[in-house]
Amino acid sequence: MVTPLKHKAKSIADRLPCLVMALLAVGVGISCAQATEVGVAAAVNSDAFGTPPGGARSTKVLGDNVIYNERIETSGSGLVQVLLVDGSTFTVGANSNLVIDEFVYDPNAGTGKLVSSFGKGVARFVGGKLSKKRGGVTVKTPVGTIGIRGGIANINLASNPPVFSLLFGKDLTFTSPSGQRSRIHQAGYSMEIGSGGSTRIRRSTQSDLGNVQTALTNSRQRGGTRNSPTDGQIVQSGLSRVISGLQNVATTPRSKPTSATGNRIEQTVNGLIQTQILSQSQNTQSIEQEESTVTTDRARILRAGNKFGSIAALNLAPGTLGVVGGTSGFDEVVIFTQDPDTSGNSYRLWSGTADGTSIYVFDPDTSVNEFYTQSVNSNGDVIENFSTSNIPDAPSLSGTIVQNARGQRITGDGFGFFAHFVATEAGSDPTFNYGGTDYFYGLYGSATDFDNFNGSDAEKLRTYTLHGDILTAFQLSSEDNFGNIQAATSQALFLNPSIAENLGTSFLSSVKSSGLKVLEGSSDTLEGARYLAASMYVSSGTTAQKSFVSLSLGDIENEGGTLVLGGERRGGHRTDAENSAGLYGGSIESIEGGTGGTIFGSNADYLVLGPGNLEEDGTHTDGYVQVPTGIQSTDQLSATMHVAELSSEVDVSTLDRTSKTLTGHAAGVLESNVNYSAGVDPVIYASNSLGDFEISFDSQNGSLYATLKVKDVANLDDEVDRYQFAFGEQSGSGQSVYVDADTFAAIETSGGSDNTILTDSEVFVSPKSGTTPNNYLISNTLVNGADNALFVDKTKCTCDFLEWGYWGSKMEADDASLAGGERFDTFHMGTWVAGDVTNSIDLPTSGSATYVGHAVGSVADGTRQYLAAGDFNMSLDFTYRTGTATISNFDSRTMSATLSETSVTSGNLFEGTLSGTGGLSGDINTSLVRGPNSNHQGVIGDFHATQGNWSAAGIVAGEKQ
């Protein structure tokens, strides 16, 4: 949608009847004046009727409005098409009835909800804007409820048994009256509904499609008029001039794009789309076949199965979530042949067969990152268009087309990785599948020879660029203004592709990444090296916020003679302030190629990071306290692949890091299954005293260890008084990485030690036996710029002499002292701050100081949760040991306190009671810290506040002015 068109459509709509206005609404998000109108009858005949709520039954005619809760019925020869303002359509056949039960649509955000009831007969649904989101479209039928996402579906209640078919799109879900759920996750499949709501999923037959098509075809259709208009009448009506000015709206699958012409190429952003053509029967580039031994190479090829491990169900489609290989998928080393020999050409053609499918790989002699589209004909001719900027159109090729494919390749010296999407239908007009059910990953290359590695006596910090997940890029692809297919670009790491879709391409394009940092422990080998990779983004500081943080760290170890990078996946996301956060688990590993080795190139130049233990159904996991609507158990399993490409090296000796121990404060918001089941909203937790947060850095080992305690400061939780979490290690166990003063992170301690719950009855509860808490702690500078949206119009303290950042955890516990016997708790993106706190006796005894900085923390507004930031100001009188503190512009609130010093055994503490307008109340605790210029150069602290159902807890950081 473009803004000028939107303005034009509004001005035209002022002068047009409601029919045209509704048609415009599909493109620009407007509707007729009445609030209850949800659509229009776009095609009818005289045997279609409408009964509005409390009204009389009448014949529907072309252009009639369709209103909320109106029953649409057809007779034995009737037919009606209902066009809704989001672009969705229901085409309803004979002897059918339809009711739009609920329709909410925000055209600016593209969000809302459509609920309808289809009582009998045959219908086809074509999805509009609302069907793009999970849970956006629901159709209630006598045999159960259907959910349709991003596609076209046939609904046939007239057949015996009833049949639902997915013709195009993401998925079709069915929930029986007893609550049993089934899903079609691939176009071309149908679901039969048996007695009691049982389901049978199978490939769609010609009968499935033909029966519905026949039912929706009616030769008597005249649009509700006795006399059909002639061509001349239509021309003279002026309607053609109106329609010619409107945006084109496509509600059916787009056919294969035609080959790019000269004019089209000139309009492309990076206008040149190159073409490679190689033929086994006739070489179009006059390349001579050498009479020599055929060259072969070995590539590891991975493909998804039709189930998650032992969970056998066709409609789970693990490939759409990136899960390949394993016990149910394809994972083999395939021999590829260089045929024909293309020496002298910049691309070499390799061919091999994997899982019964021929794969053609154009392998360049240089480093590339490019998209391609292939066609193969029955003569064995192979043609490919490729581009670095977009997914090219299908190339022209004479003869009968037998295979089409699209994909992306990333190559370098001694390395190659590709994702190869095969067309779902072979032929001249294929429909390419971006949903991820029919694709291959390929990995090949020369393993690094560590007997001849590095050539330097100095240990290095190696930084790698991490490329985005290719599957996600294709799944979320879109078309630009020139008709080019653009892959979605994102630096998000280890993010469930299904959740990536929920977060949206705008969010994903803003995600920042640290890249992959590898901290060598030896100059001769990468064995024993530690690694760190993170990505993060917070979209705003309001209730519209989406947030995401992903972290992996671990080390590189020798496994049976092969060096393997391995570690854990941690972090979490929140797709909406109303939704519970998903906290991450699972492992990360460097993937082995076809000839052995997981690290490639002469200088360890390339790796591919994916889920650990790929051979045994390795997946990433997402855990929720309260699973958001539309998320199924299998949706919480996923995998991504990321190519790591070496970009820089620096000597470890040049890094800015020192061994030190800092103390400070922390805060966060608890989500618990116990609280949700009891109707208790999320609960704020914060430090209770100075030193509840402590972090120690070990510069020699490049590691850190931290402990964090937070308390139920507002007494809102009925069972838990305090949590203690531990991060990293006190000796080298791969649980933390300390690169430099700006770049460090840690996960839970080995085995989850030092993580406990203290109940209100003062009983210590350890994590559930057989489970380990999944914790993470990062510096706010680990991913530069990722939280900038929080600090718009606010003063963010640079404060290089102190540290602050974010943390999170998910933990299970079971103990007889717990009311329900067990609980599952999570914290998503809590905050922490620490510094070198000065002892009170060493502070000045006269004079005053003013501090300026920021406040940042977690907000729980009823069931909504999000991060917010504000400005922080503090002044102290050292003679009287008193002062004032103000937090302003924090979630549109200002709160202030009078401070006085409280005696503590170590350090210093100035605390006070916060107050604000509207009954806001709370507490703030602050401590002065050393900096390079004085022993009271900075201030750190924590705060919490409540106001009705609104509550917040966070940290403050400031610097002396």
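See the structure shown above.
Residues numbered from 1 in each chain as written. Predicted model: local features only at pLDDT ≥ 70, side-chain atom pairs only at ≥ 80, totals over all residues. Heavy atoms only, no water.

Helices and strands together make up the secondary structure of the chain, namely 10 helices and 63 strands. For the chain, the proportion of its 961 residues judged to be buried stands at 57%. Taken as a whole, the chain presents about 37,000 Å² of accessible surface, with 44% of it coming from carbon and sulfur. (Helix = DSSP H or I, 4+ residues; strand = E, 2+ residues; numbered from the N terminus. Buried < 20%, exposed > 50% of the residue type's maximum accessible area, 1.4 Å probe, protein only. Areas by Shrake-Rupley, 256 points an atom, 1.4 Å probe, with all protein chains shown as cover.)

Next up on the list: the pattern of salt bridges. In the structure shown here, the tally under the stated rule is 31 salt bridges. Glu-501 serves as the salt-bridge partner of Arg-149, at 2.6 Å between the closest nitrogen and oxygen. In this pair, Arg-149 sits in strand β12 (residues 144-149) while Glu-501 sits in helix α8 (residues 497-503), placing the two residues 352 residues apart along the sequence. For the pair Arg-149 and Glu-501, a shared accessibility class is recorded, and that class is buried. For Asp-861, the salt bridge goes to Arg-864, with nearest N and O atoms at 2.9 Å. Look at the salt bridges and you will find they share partners, linking Glu-192, Arg-200, Arg-202 and Asp-208 into a network. (Salt bridge = Lys/Arg side-chain N within 4 Å of Asp/Glu carboxyl O.)

Before going further, it helps to examine the state of the cysteines. Using the criterion set out here, one finds one disulfide in the structure. One disulfide bridge connects Cys-797 with Cys-799, the sulfur atoms lying 1.3 Å from each other. With the S-S dihedral at roughly 55 degrees, the linkage between Cys-797 and Cys-799 falls on the right-handed side. Judged by relative accessible area, which is 9%, Cys-797 ranks as buried. Residue classification places Cys-799 among the buried residues on the basis of a relative accessible area of 2%. (Disulfide = S-S within 2.5 Å.)

Quick look at the environment of Leu-614 now. Counting through the fold element by element, Leu-614 comes out in the loop between β40 (606-611) and β41 (620-624). What makes Leu-614 buried here is its relative accessible area of 3%. A C-alpha to C-alpha distance of 9.8 Å links Leu-614 and Leu-302, two positions 312 residues apart in sequence. Those residues in contact with Leu-614 that sit more than four places away from it in its chain are Arg-300, Leu-302, Val-324, Gly-325, Gly-326, Ile-591 and Met-641. (Contact = heavy atoms within 4.5 Å.)

On the secondary structure map, His-944 appears in strand β62 (residues 938-947). Other than its neighbours up to four places away in sequence, His-944 contacts Ile-684, Val-713, Leu-914, Ser-921, Gly-922, Asp-923, Ala-952 and Ala-953.

On to the sheet that holds strand β56 (residues 848-861). Pairing is antiparallel around the closed barrel formed by eight strands, whose spatial order is β56-β57-β58-β59-β60-β61-β62-β63. When the angles between neighbouring strand axes are averaged without regard to direction, this sheet yields 20 degrees. Two strands pair when backbone bridges link them, and strand β60 (residues 909-916) and strand β61 (residues 920-929) are joined in this way by seven bridges, in the antiparallel orientation. Across the sheet, the residue bridging to Glu-911 is Asn-925, located in β61. (Pairing = 2+ DSSP bridges. Axes fitted to C-alpha atoms, helices over the stretch in contact; angles between N-to-C directions.)

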